Amino acid sequence: MKDIPVARLPNQKEPSLLGSFTIRDIEKLLAETDMVQELHRHDFYFLLALQKGVGEHIIDFKPYEVSDGSIFFMRPGQVHQLTLKMGSSGYVVQFTPDFYLPKDQKSLMLLNRASSKNHCLINPSDFEHLNAVLSQIFEEYTGKKEGYEKAIMAYMDIFFVNLLRQQKSASQIPNRHEQEGLESFLHLLETHYSTHKKVSDYANMLHLSLYQINAITKSALGKTCSEIIVDRIVLEAKRYLLATSNQIKEIAFQLGYEDVSYFVRFFKRQTGHAPESFRQLFT
């Protein structure tokens, strides 16, 4: 069975950041040609901050127009397709989960919250503040003075804090208990969606009641736990249908369904299309 193409960070010369972190100047990358990336997925975090930008970015099959002040933030595993025109400017930052190692739960929540929204459009004055932090990171990365790795991680914290301020008002941010519970659930779901499809499975792993886990997801995302599980399975099915040529039975088995006909009915109930017709419609 073919898998979705995975992009990985190229090895760097510096041992301390070996294959774990890069930041690049978009304007220099596009000095001679447009950037056109076909559908693929990453095993690292991908942050694209565009002071000026023209193009299209499709993340998990949702299209976004690339425009000035666009910030795109993707987690490992997400599928995307990017077209970026010459003349765009800003930075692209890529780092593995191992690079950004928060020292406490609060720092981990910061990264999780900052990366939970794939697209954010920032007004010019606020973007300048964010871009200034990225410029400092770029300077540390290229200058490589003593302690630059620690400096980069500190600036990353500052960037995440400022990005969150743009994404949400304080009244919209879930309380810490809800956020921790949600992130724990989403982490488990990412690992077990193909083998554990019942709400009770996750409630047991988190030592929560069915009421408690549903209260957390409803408050934070406006959906029941069951709806989020279904959404994650359907998303992965769409990824395989559009990014590979695998047979329907292979995809069904990959997602934990031994009964192919049940999987077909499940997918059609959720999307309105049978898997094969969905593939034909969008390819």
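Residues numbered from 1 in each chain as written. Predicted model: local features only at pLDDT ≥ 70, side-chain atom pairs only at ≥ 80, totals over all residues. Heavy atoms only, no water.

Enquirer: Explain the packing of aromatic side chains to me, using residue names and the numbers behind them.
Expert: Between two aromatic rings, the relevant description is the distance of the centres plus the angle of the planes. By the definition in use, this model includes 16 aromatic pairs. Aromatic side chains Y45 and F95 sit 5.0 Å apart centroid to centroid with 15 degrees between the ring planes, which places their arrangement in the stacked category. A residue pair is termed long-range when its members are at least 10 positions apart, and Y45 in strand β4 (residues 45–52) and F95 in strand β9 (residues 89–95) qualify at 50 residues. Residues Y45 and F95 agree in their burial class; the two are buried. Here F159 and F160 contribute two aromatic rings whose centre-to-centre distance is 6.4 Å and whose plane-to-plane angle is 70 degrees, an arrangement assigned as edge-to-face. No difference in accessibility class separates F159 from F160, as the two residues are buried. The rings of F21, Y45, F73, F95, F99, Y141, F159 and F160 are connected pair by pair, giving a single aromatic cluster. (Phe/Tyr/Trp six-rings, centres within 6.5 Å; stacked < 30°, edge-to-face > 60°. Helix = DSSP H or I, 4+ residues; strand = E, 2+ residues; numbered from the N terminus. Buried < 20%, exposed > 50% of the residue type's maximum accessible area, 1.4 Å probe, protein only.)

Enquirer: Break down the sheet that holds β9 for me, citing the residues and quoting the values.
Expert: Ordered by their spatial adjacency, 5 strands build an open sheet running β2-β9-β4-β7-β10, and the pairing between neighbours is antiparallel. Only two strands of the sheet have a single partner each, and these edge strands are β2 (21–25) and β10 (119–121). Across the sheet, the axes of successive neighbouring strands diverge by a mean angle of 10 degrees, strand direction being ignored. Bridge count for strand β7 (residues 70–74) against β10 is 3 bridges, and the pairing is antiparallel. Counterpart to S70 in the pairing with β10 is L121. Of the strands in this sheet, β2, β4, β7 and β9 touch helix α3 (residues 124–143), which is tilted by about 115 degrees from β2. Strand contacts of helix α4 (residues 148–167): β2, β4, β7, β9 and β10, with the helix running at about 115 degrees to β7, the strand carrying the most contacts. (Pairing = 2+ DSSP bridges. Axes fitted to C-alpha atoms, helices over the stretch in contact; angles between N-to-C directions. Contact = heavy atoms within 4.5 Å.)

Enquirer: Quick one: what's the story with the environment of L182, residue by residue and with numbers?
Expert: Structurally, L182 can be placed in helix α5 (residues 176–192). What makes L182 buried here is its relative accessible area of 5%. With sequence-adjacent residues up to four places away left out, L182 is seen in contact with I216, T217, A220 and L221.

Enquirer: Lay out the pattern of salt bridges in plain terms, naming residues and giving numbers.
Expert: According to the stated counting rule, one finds 9 salt bridges in the structure shown. The closest approach of N and O atoms between D34 and K85, which form a salt bridge, is 3.6 Å. You can see D34 sitting in the loop between α1 (26–29) and β3 (35–42) and its partner K85 sitting in the loop between β8 (79–84) and β9, a full 51 residues away along the chain. Judged by relative accessible area, D34 falls into the partly exposed class, the value being 30%. The residue E183 makes a salt bridge to R75 at a minimum N-O spacing of 3.7 Å. Taken together, the residues E183 in helix α5 and R75 in the loop between β7 and β8 connect sequence positions 108 residues apart. Through salt bridges with shared partners, a single ionic network connects R41, D60, E190, R232, E236 and R239. (Salt bridge = Lys/Arg side-chain N within 4 Å of Asp/Glu carboxyl O.)

Enquirer: Give me the lowdown on the environment of E180, citing residues and values where you can.
Expert: As for its placement among the helices and strands, E180 is situated in helix α5. Each C-alpha atom of the pair E180 and L108 lies 9.6 Å from the other, and the pair is 72 residues apart in sequence.

Enquirer: An account of the pairing of strand β5 (residues 55–59) is requested, with residue identities and associated values reported.
Expert: Alignment of β5 against strand β6 (residues 62–66), held across 5 bridges, turns out to be antiparallel. Looking across to β6, one finds that E56 is bridged to E65. Here β5 folds back onto β6, and the loop between the two strands holds 2 residues, one of which, D60, carries a positive phi near 50 degrees. The pairing of β5 with β8 spans 5 bridges and is antiparallel. Residue G55 lies in a different strand from β8, and its bridge partner there is L84.

Enquirer: Residue-level account of helix α8 (residues 225–243), with values.
Expert: Along its 19 residues, α8 runs 27 Å from first to last C-alpha, staying within 8% of the 27 Å computed at 1.5 Å per residue. Of all 19 residues that make up α8, 15 are buried, and the element is covered over most of its length. (Expected span 1.5 Å × (residues − 1).)

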